[in-house]
Protein chains: 2
Amino acid sequence: MDQKDFLTNIAFDSVVFGFSGGALKILIMEYHNTGFFALPGGFVQRNENLNDAVRRGLKERTGLDNIYLEQFYTFGDTARYKPEIMQTILESGNYSLEKYEWLLDRFISVAYYALINYKDVVPQPDALSDSCEWYDIDALPPLILDHADIVAKALQTLRDNLDRKLVGMNLLPARFTMNDLQKVYEAILGEKIRRTTFQRKMLSLEILKRHEKQYLGKAHKAPYLYSFEV
Amino acid sequence: MDQKDFLTNIAFDSVVFGFSGGALKILIMEYHNTGFFALPGGFVQRNENLNDAVRRGLKERTGLDNIYLEQFYTFGDTARYKPEIMQTILESGNYSLEKYEWLLDRFISVAYYALINYKDVVPQPDALSDSCEWYDIDALPPLILDHADIVAKALQTLRDNLDRKLVGMNLLPARFTMNDLQKVYEAILGEKIRRTTFQRKMLSLEILKRHEKQYLGKAHKAPYLYSFEV
DNA sequence: TATTTATTGTCTCAATTTGTGACAATAATA
DNA sequence: TATTATTGTCACAAATTGAGACAATAAATA
């Protein structure tokens, strides 16, 4: 974590979406003894592609390779430069201010969102943080810097992309019911969808494979299980 | 243009779209005595918002304030790091390699596209360049680094946004005919559009104001002139 | 075992949007 | 005055979407 290994003035932040209990969630880190909550992020090595740096960071936090990832905006306002926050974080973690002085400089941050299968992940804190945990998108703690703006823009971009990209595939397990899929769409859009219209639309896309094996255990007609045809 | 005034490792590039003679065009700079063609770009001052830096750069190239601007992607592959190109540019311009050594470092570039009214602009070269000129989007010279990729992604984003943003407003003069507007859409999409459907759709948006004053001079029924209501 | 409950998969019909061509109107030209 | 090229609008077909109806059925209940 030496200055000479990393590009200066540039960082990245990730909004990692998961779906569980009918709600959309994201990963938030809490720093040691500071009460500061933030998005997982990191810095770009001098010999590393930007996209690879983000994947490296996500691998450390989630253990996953091959995560679905979309870059959506780069945040570069001077208002996001608040060195006292990083200073507090470093001091609370007993890090040398001289050695890590470069972290107190201004950073422009490239923001990505990731979609992952909630159950595949055991979130891992990094050296500076106490925890890395899922938070319901509607019940986030107060976040440092402009991270609330980053989350808001990530969610807006996800909504805008909902019809164009295969969102469900990345947020659900391999097999799921039509109702599971609808719940994902409703959580992202923040509103109810008409069941029959949704079912017709999804089937007409011809990207779903229907399996005869059915999900049982409830007091009603058993739904088909589906998977995405890739 | 001193290192201490600017953020390091971060730059921006702009794809400036204009519309003339039925074709979509963009601004390209040519550097002194190098045969290098590139997008207009620049660097971010330490006390300056990223978006403001881009506006400053565009103002220098076009003379315009209040340009319509959209950030669309940040390019950060190591493959775009080719210091010998910047070195050639500096040497050809008789600039001191010591003083501008920081320009030979790796840069991650935040890319924007701008939409402007072609007739409002007299493109201005900067100190390092011979020319800043309009090129038809289908007849660009070979561009340095990954600038061809940047242009391709800008055009794709513009197409994707065509239905959601008021593209025509920024590429046309204040008053225009329905046919002018259709030509803009066709140039961006790269395909023909059905006239009656387009007209119906545009009118149904209720963002066009029809003026009784008509455009004359052709051997057929004179079309209405329109402007955007905002 | 028979009945009830909740949800699923599919169908139908209405409402809306889009595709396609027809046609009268008209400014300039021949 | 007739012709030409293009415009604004309409009419109808085709496709998509909205909204509800209904039979099917796995489990719970009586």
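Residues numbered from 1 in each chain as written. Chains lettered and ligands numbered in written order. Predicted model: local features only at pLDDT ≥ 70, side-chain atom pairs only at ≥ 80, totals over all residues. Heavy atoms only, no water.

A. View of the domain arrangement of chain A. Residues and elements named next belong to chain A. When cut into domains, chain A gives domain 1 (3-161) and domain 2 (173-228). Between domain 1 and domain 2, the residue contacts involve seven residues of the former and eight residues of the latter. With both sides pooled, the region where domain 1 packs onto domain 2 buries about 620 Å², and carbon together with sulfur makes up 73% of that total. Together, F19, L24 and R159 form the three largest contributors to the area buried by domain 1 at its contact with domain 2, with a combined 63%. At the junction of domain 1 with domain 2, the criterion picks out zero salt bridges. By residue number, the principal contributor to the side of domain 1 that touches domain 2 is helix 3 (residues 147-161), which donates three residues. (Domains from an automatic or database assignment. Contact = heavy atoms within 4.5 Å. Buried area = accessible area lost by both parts, 1.4 Å probe. Salt bridge = Lys/Arg side-chain N within 4 Å of Asp/Glu carboxyl O. Helix = DSSP H or I, 4+ residues; strand = E, 2+ residues; numbered from the N terminus.)

B. Structural detail: the relation of the copies chain B and chain A. After a rotation of 180° and a shift along the axis of 0.0 Å, chain B superposes on chain A with an RMSD of 0.1 Å. Expressed as a symmetry operation, the mapping of one chain copy onto the other fits a two-fold axis. Considering only C-alpha atoms, the part of chain B nearest the rotation axis is T8 of chain B, at 3.1 Å. Most of the interface of chain B is mirrored in chain A: 100% of its interface residues are interface residues there too. (Least-squares fit on C-alpha atoms with pLDDT ≥ 70 in both.)

C. Structural context of the pairing of strand 2 (residues 23-31) of chain A. Residues and elements named next belong to chain A. Along strand 2, eight of the nine residues are buried, which leaves the element largely enclosed by surrounding structure. With four bridges joining them, strand 1 (residues 6-20) and strand 2 adopt antiparallel strand pairing. Counterpart to G18 in the pairing with strand 2 is K25. Hairpin connection from strand 1 to strand 2: two residues lie between these consecutive antiparallel strands, with G21 at a positive phi of about 60°. Relative to strand 7 (residues 129-136), strand 2 is paired through seven bridges, and the arrangement is antiparallel. (Buried < 20%, exposed > 50% of the residue type's maximum accessible area, 1.4 Å probe, protein only. Pairing = 2+ DSSP bridges.)

D. Quick look at the packing of aromatic side chains. Residues and elements named next belong to chain A. Counted under the stated rule, the structure contains 28 aromatic pairs over all chains. Taking the centre distance of 5.0 Å and the plane angle of 50° together, the rings of F43 and F107 count as tilted. Of this pair, F43 sits in strand 4 (residues 41-45) while F107 sits in the loop between helix 2 (83-92) and strand 6 (108-115), and the two are 64 residues apart along the sequence. No difference in accessibility class separates F43 from F107, as the two residues are buried. Among the aromatic residues, those joined into a ring-pair cluster are F17, F72, Y73, F75 and Y113. (Phe/Tyr/Trp six-rings, centres within 6.5 Å; stacked < 30°, edge-to-face > 60°.)

E. Geometry of the pattern of salt bridges. Summed over all chains, the structure comprises 18 salt bridges over all chains. Notably, a salt bridge pairs R61 of chain A with E60 of chain A, separated by 3.4 Å at the nearest N-O pair. One salt bridge connects E60 of chain B with R56 of chain B, and the closest N-O pair in it is separated by 4.0 Å. Placement of both E60 of chain B and R56 of chain B in helix 1 (residues 50-62) is noted, with a separation of four residues, approximately one turn of the helix.

F. Highlighting the interface of chain B and chain A. Counting residues at the interface gives 25 residues for chain B and 25 residues for chain A. When the two sides are added together, the surface that chain B and chain A hide from each other amounts to roughly 2,000 Å², 43% of it contributed by carbon and sulfur. If you look at where chain B meets chain A, you find four salt bridges. Two residues, R46 of chain A and D105 of chain B, come together in a salt bridge whose shortest N-O distance is 2.4 Å. Across the chain B-chain A interface, the total number found is 16 residue pairs in polar contact (both at pLDDT 80 or more). Those elements that provide at least two residues to the side of chain B that touches chain A are strand 1 (6-20), strand 4 (41-45), helix 1, strand 5 (68-75) and strand 6 (108-115) of chain B. Among the elements that take part in the side of chain B that touches chain A, strand 1 of chain B stands out by supplying four residues, more than any other. Partitioned by chemical class, the residues of the side of chain B that touches chain A number eight nonpolar, 10 polar and seven charged. (Polar contact = N/O pair within 3.5 Å; in protein donor to acceptor, adjacent residues only side chain to side chain. Nonpolar A, V, L, I, M, F, W, Y, C, P; charged D, E, K, R; others polar.)

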